[in-house]
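# Architecture at a glance
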Amino acid sequence: MTQSIDRASTLTEQLVAWRRHLHMNPEVGFAEHQTAAYIESELRQMPGLVVSRPTQTSVLAVLKGQQAGRTVLLRADIDALPIHEENTFEFASQNAGVMHACGHDGHTAILLGVAKLLSERPEEVAGEIRMIFQHAEEVGPGGAEELVMDTPLMEGVDVVTGLHLNSSLPAGVVAVKPGAFMAAPDMLTLTIRGKGGHGAHPEQTVDPIAVGAQVVTNLQHVVSRNVAALDALVVSITLFQSGSTHNVIPDTALLQGTVRTFDAELRARAPQLIERVIKGVCDAHGATYELNYELGYRPLINTDWVAARLREIALETVGPELYQDAKPTMGGEDFSAYLQKAPGAYFNVGSASDAADSHWPHHHPRFTIDEASLETGVKMLHAAALNLGQLE
């Protein structure tokens, strides 16, 4: 582990340079053409790596070690979000309406740093290290699903890991959790059809706004009265669109929302519970509805033994004073696709500090990271690659 700690500190300037270049030139999911080209160019300058493109906008680097061992997959996501950046630092996004608002620029810089360290000393490596710079984490059905289902990336992989920078944790902190870590982010789209008319004569109409408002209120009972208090389920209606002017009751209302849980059985039951409420309210008021319910990424369930190993690595790498047991989150992550094929675990590295003004939440137009967290990420992933590759 000491090797990971000492050598990561030599990369500070390079990590910052990589991250800032990526931050200035963000691209959204499935359109990361320049991002992928930049990553490939940087990797091809590192000795001993076999570099390829599993898809048009993802990049894979493979290093075969000089000792027998496991095949370990390390993952970083590379896409940005369709958000207009409000930061004013000199490396702010140069692509209007697109920014790295979730730390993927940092993830990519970290994995480039790990690739550099591994390539310089292949004699330390046991087995095979695959490093996937994955496209389209933010865009369903997700780049991970495409890589898992349509490419040979996971063939022979024994264990997989990756990290996410987290602006709710202090910079330098590492947080690991076995078991359920991130939720399945499912989505519903609901169209309520009523009967429009004059706002002065609501008795002649079936008001889809009034019906929709009752649907929103009653959907809260799905959680509070249909699910055990110790079972985690979130139902949030996040979009409500209807009407065009002050004196016309419209014909339709459009609602969208997200449904999130860790539990497979509850996830399967949620659509029926939700539709029962929608149907009851609409029937009671003479409205009709169309419901489209889309399953998102699977819940991210960390493999216990891999999480335990990462905890040991963190305690040795950053020390007990900077280690935390991670808390589960209702956020979703397509890293879960890799866990359908191999054991693995996903973990957090803190990126918040007052000095960097980096406490802003993820997906906020002011989001940024304390760049000191990049070195912590390299230490952890480099140590994980070496440790997880070792045969028992």
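Here the structure is shown first, and the text comes after it.
Okay, so let's go over this structure. Think of each chain on its own: its residues are numbered from 1, step by step along the sequence as written. Totals for whole chains, interfaces and linings use all residues, but because this is a predicted model, local features are given only for residues with pLDDT of at least 70 and pairs of side-chain atoms are given and counted only at 80 or more. Computation of side-chain values covers all heavy atoms of the structure but excludes hydrogens and water.

## What about the pairing of strand E5 (residues 159–170)?
Note on exposure labels: buried denotes an accessible area under 20% of the residue type's maximum, exposed denotes more than 50%, and partly exposed covers the range between, all computed with a 1.4 Å probe on protein chains only. A run of H or I in DSSP counts as a helix once it spans at least four residues, and a run of E counts as a strand once it spans at least two, with each numbered from the N terminus. Of all 12 residues in E5, 10 are buried; the element is thus mostly enclosed. DSSP-based pairing: two strands are paired if at least 2 bridges between them are found. Pairing of strand E3 (residues 67–77) with E5 involves 4 bridges; the strand directions are parallel. Note that in E5 the partner of leucine 73 across the bridge is valine 160. Relative to strand E16 (residues 344–352), E5 runs parallel, the two being bridged by 8 bridges. Within E16, the residue paired with leucine 165 across the bridge is valine 349.

## Describing the environment of alanine 61
Note that alanine 61 resides in strand E2 (residues 59–64). Separated by 13 residues in sequence, alanine 61 and leucine 74 place their C-alpha atoms 9.8 Å apart. Pairs of residues are marked as contacts when any of their non-hydrogen atoms sit within 4.5 Å. Those residues in contact with alanine 61 that sit more than four places away from it in its chain are Leu43, Leu49, Val50, Val51, Ile129, Arg130 and Met131.

## A look at the pattern of salt bridges
Any carboxyl oxygen of Asp or Glu that lies within 4 Å of a side-chain nitrogen of Lys or Arg is treated as forming a salt bridge with it. Here the structure, examined in full by the defined rule, presents 21 salt bridges. Between glutamate 40 and arginine 44 there is a salt bridge, and its shortest N-O distance comes to 3.0 Å. The residue glutamate 375 makes a salt bridge to lysine 379 at a minimum N-O spacing of 3.4 Å. Linking glutamate 375 with lysine 379, this pair stays in helix H9 (residues 372–388), spanning 4 residues, or about one helical turn. Of the two residues, glutamate 375 and lysine 379, both sit in the buried class.

## Focus on the nonpolar core
One finds Leu43, Leu49, Leu74, Leu118, Met131, Phe133 and Phe347 to be the most contacted residues of the largest nonpolar core, which totals 62 residues. With 9 residues, H9 is the single largest residue contributor to this core. Dropping the residues within four chain positions of it, leucine 43 is found in contact with Leu49, Val51, Val59, Ala61, Leu112, Ala115 and Phe133. What we call a nonpolar core is a set of buried Ala, Val, Leu, Ile, Met, Phe, Trp, Tyr and Cys residues that are connected through their side-chain atoms within 4.5 Å.

## Topic: the environment of cysteine 102
Positionally, cysteine 102 belongs in the loop between E3 and helix H4 (104–120). Separated by 59 residues in sequence, cysteine 102 and threonine 161 place their C-alpha atoms 18 Å apart. Ignoring anything within four residues of it in the chain, the contact list for cysteine 102 reads Leu81, His107, Glu138, His164, His362, His363 and Phe367.

## Observations concerning the packing of helix H2 (residues 12–24) against H9
Axes here refer to lines fitted to C-alpha atoms; in helices the fit is confined to the stretch in contact. Angles between the N-to-C directions go from 0 to 180 degrees. Where H2 meets H9, the axes come as close as 9 Å, and the angle between the chain directions of the two elements is 110°. In terms of their interaxial angle, H2 and H9 are classed as roughly perpendicular. For the pair H2 and H9, contact is made by Thr12, Leu15, Val16 and Arg19 and by Leu374, Glu375 and Val378, respectively. Each residue is assigned to one class: nonpolar for Ala, Val, Leu, Ile, Met, Phe, Trp, Tyr, Cys and Pro, charged for Asp, Glu, Lys and Arg, and polar for all the others, Gly among them. Its residues placed into classes, the contact of H2 with H9 shows 4 nonpolar, 1 polar and 2 charged. To sort the angles, those under 35 degrees are grouped as roughly parallel, those over 145 as roughly antiparallel, those from 65 to 115 as roughly perpendicular, and the leftovers as oblique.

## Some thoughts on the pairing of E16
Regular strands have side chains that alternate between both faces of the sheet. In terms of burial, E16 is largely enclosed, as 9 of its 9 residues are buried. The two faces of E16 match: Gly344, Tyr346, Asn348, Gly350 and Ala352 on one face and Ala345, Phe347, Val349 and Ser351 on the other face are all buried. Pairing analysis gives 2 bridges linking strand E6 (residues 174–176) to E16, with the strands arranged antiparallel. Counted as the bridge partner of valine 174 is valine 349 from E16.

## Re helix H5 (residues 143–150)
Those residues of H5 lying buried are Gly143, Ala144, Leu147 and Val148. Along H5, the residues classed as buried sweep out an arc of 130° about the axis, all on the same side. H5 presents Met149 and Asp150 as exposed residues on the side facing more than 90 degrees away from its buried surface. Where H5 is buried, its residues contact strand E4 (126–134). By construction, the arc corresponds to the directions joining the helix axis to the C-beta atoms.

## Quick notes on the packing of aromatic side chains
Any pair of Phe, Tyr and Trp rings, taking the six-membered ring for Trp, is counted once the centres come within 6.5 Å. Such a pair is stacked with planes under 30 degrees apart, edge-to-face with planes over 60 apart, and tilted for the rest. Taken as a whole and judged by the stated rule, the model has 3 aromatic pairs. Ring centres 4.7 Å apart and planes at 25° place the aromatic pair phenylalanine 335 and tyrosine 346 in the stacked group. Of this pair, phenylalanine 335 sits in the loop between strand E15 (323–325) and E16 while tyrosine 346 sits in strand E16; the two residues are 11 residues apart in sequence, bridging distant segments of the chain. In this pair, the class of phenylalanine 335 matches that of tyrosine 346, namely buried. Aromatic ring contacts, followed pair by pair, group Phe335, Tyr338 and Tyr346 into a single cluster.

The analysis is restricted to geometry; functional conclusions fall outside its scope.
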